Amino acid sequence: MLSRIADSLYWMHRYMERADGMLRLMKTSYILSFDKVQASGMTWEPALKIFTSLNQEEIAGLKQNNSAALKYLLLDTKNTNSLKVIITRARENARGVQDQITKEVWEQMNLIYHQVNQPGIAEKLSGQDAILIIDAFINSSDQFCGILDSTMPRGQGWNYMNLGKQTERCLLTAEFTHFYFKKTGFDFKNEQDILFWRSLLLALSGYELHLKNYSNQHHNYNVAQQLLFDKNFPRSVYYALDRANKYLSDIAASNPVEGSIQLSRSFGRLYSSVKFADLELVEREGLENYLTYVRKELNEFSRDLGRTYFSYS
Amino acid sequence: MTGEALFNNYPIVPHIWDEMKSNDGIRQQYYSIYETGSQLSLAELEQKHKLASELFMSQGITFTVYSENEGIERIFPFDIIPRIITGSEWNHIEKGIQQRIKALNLFLKDIYNEQEIVKDGVIPADLIASCPHFTREVYGIKVPFDIYVHIAGIDLIRGDDGTFYILEDNLRTPSGVSYMLENREVTKRIFPNLLADNNVRMINNYPLLLHDNLVHLAPRQNANPTVVLLTPGMYNSAYFEHTFLARQMGIQLVEGRDLLVDNQKVFMKTTAGLRQVDVIYRRIDDEFLDPLVFRPDSALGVPGLISAYRKGNVAIVNALGNGVADDKAVYAYVPDMIKYYLNEEIILPNIPTYHMNNDQEREHVFKNMHKMVIKETNQSGGYGMVMGNSATEAAMEKAKENILANPRGFIAQPIIQLSTVPCLIDGKLQPRHVDLRPYSLCGPNGIEVVAGGLTRVALREGSLVVNSSQGGGSKDTWVVDMPNQ
C-alpha cells in the first residue's frame, strides 16, 4: 500500500471519529441546555472547551447561547475544529484515496459533506430544527461506520483506517474524562451525583451500560472504572487501545520496515499501562497524571506511526 | 405540456443538420425516443433531469470552484436526451479514425527518428521546428511496439449536409472518457428500457481494453506487472476521471511524490518499502513530468523519470512528444501523412485550414474574418479561440494584431455550422450544437474505437463552443444498429 494512501486512510477515519464524538457531545449539551437547573451548570462549556481554542472569556460569551454555540461548533470555518472543517478534511483525504475505498463509502462521505454544506443550514440551527440536524448528522455518521464495515475489504487499508479511528476514540474518551474530573479536582472522594456524570456518559453513549452494570453509589469510582477499564464498553480507553493493538500488530506483521519494531514496543508499553492497571493504582498516581500520560503517549505514538509508515514527502 | 407536444414543437434551424429531425420528420434512429418521450409529461421528463443531476452530485462527479477558503461543488451539465448515431454512420467514423491514428503513429515514430517525411518534402521542416511541442528531449527513444498514441480523443463535427469532419486530434492526455461511461450509467437509471430495446452498442469495456493494453507494455517479463495512473492530484479538474479509471482498472492511483527513480528504475513508496513500477498511465502534461529535463519548478513530476524511460525500464502512456502531431498547424498535413505513409485517401475529411504564416492565406482570412474561426495552434479546451461571426470589432482587431505578431501561433478555418440535437431547456426541447469525441485505444493488437464517445453540447443558444470550460454540457451517445441497414 502506498504510504500516502495509508496516511490518508488513517486520517480520514480519525476525522470521522472526531466528528462523531463531537456530535454526540453536542447532542447531549443541547438537550441538557433545556433543563432549568442543570446539574453540572456547564451547558456548552465542555464542547467549547474540548473542541475549540477559544479563551475563557469567549467561552463564557457563547456558553448560554444555543444557536451561537451550535453555529460556532458546527459551521464556523474560522474554528479549525468545526464539524464543517473536520468533514471537509475527511472528505479531502477520502478524495485522495478514492480508488482505495469502496464506491459506497465514497458516496456516504460525499453525502455527509453535502449535508454540512446544505443551503440554509445556518438558519435551521437557530430554530426548532437544530436537534433534527444534529440527529441527521449522527445518523449519517453511524451509517458511515456501517457502510465501512459491510463493504471495505479487510487488509492493509482497513488496518490503517481503524487504527486511526481507535486512536482518536481513545483520545476523545481521555479528554472528556479529563474535563469532567477536573471539575471534581480529580478527587475520587469528592462525590458527585449521577446527574453530574450523566452528560458525560450520554456523550460517550455509555449511560445505559452504566445504569445496568454499576451500583448507585461511588459514582466517581464507577465512572472512572467504566471509561478507563471496562472491557465491554466500546469507548473505554482500554477497549480502544486493545483494538488499536490488534490493528497495529497486523500492520507491523505485513510491513517489516525500519522502525516498526520500536513502534510496536513503545505502543506495547502504553497498552500495558492500561491493561494491567486498576483504579487503586490510578488513585495512587493521581488521575490527572494518569490521563495526561495516556494522552501524551498516544499523541507521540501517532507521530511515530507517521514517521515509520507514512514518510513519503 | 405533454411530451408529444414537446417533440412536435421541436424547431429545426434551416441549413443546419439536426440529428433527430429532418424536413421529412423524425429520423428513424430517434423513433423510439420519440415514442417514449411522447408518452411522458414534461414534469416527468424534468423529474428525470433532476434525478440525473442528483446522481452526478451524490457520486461526487463534480469539479470544485474554490473561493474564500470554501469549495463549491458543480456538476458538468448533462442533458437526458441521447445523441444517436446509426451503425452504418459509425462504421464509417471508425474506419476513418483507425486510418488517422495509424498514420499519426507512423508520423510520430518518423519525426522522432529518421524524419523521412521532412526529408521528402511532404511536411516543411520549419513547421516542425517551430512547433512548441516538438520535444527534442525524446529524440531517438524507442517505445514498445512503436506505439506513441495509446489513447486518442479525436474530435469530430458534422456539417450542414451531414458529413463528419475531423475537427482536431487530441493525442496527449485526452480527458472526458469517464463522462462517456458515467453518462451511460445514468441513462440506464433514467431510461432503463430504451437502451435494451434499441440494441445500443456497449461501451463499458473501455477500462478493460485499456488495462489490457497497459499490461502489454510492461518492459519486465512479469506475469503481474505494476501499472499505475499518475495524477497531478485532487485539485486537478479531471481528478474524478483519474480515480474513476484507476478504480475501474484496479490499478494504483499515484502522485508524483509517491514515486522515485533509483538506478534508472521507477519505484513507488509503499508502507512495506519500495516497489518497482512498470507502466505509467500519466495524466500530467509532458512539461511537468520530469523537473530534471523539463520545467525545473514542477512539483508534480518525478525527477529522473525520463532517464528511466529512455533506458526502457518504464513505459509511459501516452508517449512523450505527441504534441507535435496534434498541433493545429500540423493538423492540415494529416491528409498528406495518410497518403505518404499508407498510400490511402483520407476517409474522414479535414476542415480546410489556413496557415497564418502564409501571406496569401492570411490576406484571404483577414478579408473574410467574419466567416472564420481563429485558433491558437498549441491551445486546447476552447481557449484562445475567436469566432468571426460573433466576436466584437475590437476582439477581431486584437486577433489580427496577435496573428501579425506571431503568425505561426495561429490558424484559421471557415466556420462550420455544427449539427444540432434536442436538449431539454426551460421546459422546451431546443436545438443545440454538438460535436463528438470518440475514444480510441491503440495497443499491440490493433486500434479499438469504443462505439459512441462523448457528445459535448453548447448549451447557450446559437453557441458553437462546446468545451466544458466555456459553458458546455454533455449527452449520452448511442450507436444504434438499425434493423434494415
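Small disclaimer: the values here were computed from a predicted structure and weren't measured. (Residues numbered from 1 in each chain as written. Chains lettered and ligands numbered in written order. Predicted model: local features only at pLDDT ≥ 70, side-chain atom pairs only at ≥ 80, totals over all residues. Heavy atoms only, no water.)

## Structural notes on the overall build of chain B
Per the secondary structure count, chain B includes 15 helices and 25 strands. A compact globule built from 485 residues should have a C-alpha radius of gyration of about 23 Å, and chain B, at 23 Å, falls within 12% of that. Taken along the three principal axes of its C-alpha coordinates, chain B extends 70 × 60 × 55 Å. The buried share among the 485 residues of chain B stands at 57%. Considering only contacts within chain B whose residues lie at least 6 apart along the sequence, 69% involve residues at least 24 apart. Summed over all atoms, the accessible surface of chain B reaches about 19800 Å², with 49% contributed by carbon and sulfur. (Helix = DSSP H or I, 4+ residues; strand = E, 2+ residues; numbered from the N terminus. Rg over C-alpha atoms; globule rule 2.2 N^0.38 Å. Buried < 20%, exposed > 50% of the residue type's maximum accessible area, 1.4 Å probe, protein only. Contact = heavy atoms within 4.5 Å. Areas by Shrake-Rupley, 256 points an atom, 1.4 Å probe, with all protein chains shown as cover.)

## Re unusual backbone geometry
Cis rather than trans, the peptide bond between B:V317 and B:N318 has omega equal to -15°. With respect to the helices and strands, B:N318 occurs in the loop between β15 (315-317) and α13 (334-342). Phi is positive for A:F186, close to 55°, though the residue is something other than glycine. By secondary structure assignment, the location of A:F186 is in the loop between α9 (156-183) and α10 (194-203). One non-glycine residue with positive phi stands out, namely B:N263, at about 55°.

## Digging into the interface of chain B and chain A
Counting residues at the interface gives 31 residues for chain B and 31 residues for chain A. Considering only the side of chain B, the residues that lose the most area to chain A are B:M234, B:R247 and B:T271, jointly responsible for 27% of the buried surface there. Where chain B touches chain A, the interface holds 2 salt bridges. Among the salt bridges present, the one from A:R4 reaches B:D258, with a minimum N-O distance of 2.6 Å. Here chain B and chain A share 20 residue pairs in polar contact (both at pLDDT 80 or more) between them. Listed by contribution, the elements that provide at least two residues to the side of chain B that touches chain A are α3 (42-58), β3 (62-67), β4 (70-75), α10 (239-249), β10 (252-255) and β12 (265-270) of chain B. No other element matches α10(B), which puts 5 residues into the side of chain B that touches chain A. (Buried area = accessible area lost by both parts, 1.4 Å probe. Salt bridge = Lys/Arg side-chain N within 4 Å of Asp/Glu carboxyl O. Polar contact = N/O pair within 3.5 Å; in protein donor to acceptor, adjacent residues only side chain to side chain.)

## Looking at the domain arrangement of chain A
Interface size is commonly expressed as the accessible area that is lost once the parts come together. All names here are of chain A. On domain assignment, one finds that chain A holds domain 1 (1-151) and domain 2 (164-313). Summarising the inter-unit geometry, the C-alpha centres of domain 1 and domain 2 are found 22 Å apart. Contact residues are listed per partner, giving 26 residues for domain 1 and 25 residues for domain 2. For the pairing of domain 1 and domain 2, the buried interface totals around 2400 Å² over both sides, and the portion due to carbon and sulfur atoms is 64%. Interface area lost by domain 1 to domain 2 is led by Y10, R14 and E17, which between them contribute 26%. Linking domain 1 with domain 2 are 6 salt bridges. The interface formed by domain 1 and domain 2 contains 9 residue pairs in polar contact (both at pLDDT 80 or more). Secondary-structure elements contributing two or more residues to the side of domain 1 that touches domain 2 are α1 (3-32) and α2 (45-51). Here the side of domain 1 that touches domain 2 takes 16 residues from α1, the largest share from any one element. Its residues assigned to classes, the side of domain 1 that touches domain 2 shows 11 nonpolar, 5 polar and 10 charged. (Domains from an automatic or database assignment. Nonpolar A, V, L, I, M, F, W, Y, C, P; charged D, E, K, R; others polar.)

## Regarding the sheet that holds β12(B)
Think of a sheet as strands paired side by side through backbone hydrogen bonds, with each pair either parallel or antiparallel. Residue and element names in this part refer to chain B. Read across the sheet, 3 strands follow the order β11-β12-β13 without closing on themselves; strand pairing throughout is antiparallel. Only two strands of the sheet have a single neighbouring strand rather than two, namely β11 (259-262) and β13 (273-276). Going across the sheet, the axis of each strand differs from the next one's by a mean of 40°, ignoring polarity. Across 4 bridges, β12 lies against β13 in antiparallel orientation. Bridge pairing in β13 links F267 to Q276. (Pairing = 2+ DSSP bridges. Axes fitted to C-alpha atoms, helices over the stretch in contact; angles between N-to-C directions.)

## A word on the environment of B:H364
All names here are of chain B. Locating H364 in the fold gives a position in helix α14 (residues 359-367). Between the C-alpha atom of H364 and that of Y354, which follows or precedes it by 10 residues, the distance is 8.8 Å. Not counting chain neighbours up to four residues away, the residues in contact with H364 comprise Y354 and M372.

## Side note on the sheet that holds strand β17 (residues 372-376) of chain B
All names here are of chain B. Taken in spatial order, the 4 strands make up an open sheet running β16-β19-β17-β18, and their pairing is antiparallel. The strands lining the two open edges of the sheet, one partner per strand, are β16 (354-355) and β18 (385-387). In the sheet, β17 pairs with β18 via 3 bridges, with the strands oriented antiparallel. What sits directly across from K375, in β18, is M385.

## Some words on the domain arrangement of chain B
All names here are of chain B. According to the domain assignment, chain B contains domain 1 (88-179 + 198-342) and domain 2 (354-414). Averaged C-alpha coordinates put domain 1 and domain 2 at centres separated by 29 Å. At the interface, 13 residues of domain 1 touch 10 residues of domain 2. Interface area for domain 1 against domain 2, summed over the two sides, is near 970 Å², with a carbon-plus-sulfur share of 48%. Across the salt bridge formed by R408 and D327, the nearest N and O atoms sit 3.6 Å from each other. In this assembly, domain 1 and domain 2 are joined by 4 residue pairs in polar contact (both at pLDDT 80 or more). When grouped by side-chain class, the residues that make up the side of domain 1 that touches domain 2 number 8 nonpolar, 2 polar and 3 charged.

## What to know about the pairing of β11(B)
Residue and element names in this part refer to chain B. Two strands pair when backbone bridges link them, and β11 and β12 are joined in this way by 4 bridges, in the antiparallel orientation. Paired with V261 across the bridge in β12 is V266. In sequence, β11 turns back onto β12 through a hairpin of 2 residues, with N263 there showing a positive phi of about 55°.

## Examining the packing of aromatic side chains
Applying the stated rule across the entire model yields 24 aromatic pairs over all chains. When the ring of A:Y238 is compared with that of A:Y271, the centres are 6.2 Å apart and the planes differ by 20°; the resulting orientation is stacked. Of this pair, A:Y238 sits in helix α13 (residues 237-254) while A:Y271 sits in helix α14 (residues 260-275); the two residues are 33 residues apart in sequence, bridging distant segments of the chain. Like A:Y238, the residue A:Y271 is buried in the burial classification. Note on B:F56 and B:F78: the rings are 5.4 Å apart at their centroids and 55° apart in plane angle, and the pair reads as tilted. (Phe/Tyr/Trp six-rings, centres within 6.5 Å; stacked < 30°, edge-to-face > 60°.)

## Regarding the environment of B:K50
Summarising the element assignment, B:K50 is placed in helix α3. When the C-alpha atoms of B:K50 and B:V266 are compared, they prove to be 46 Å apart, with 216 residues separating the residues in sequence.

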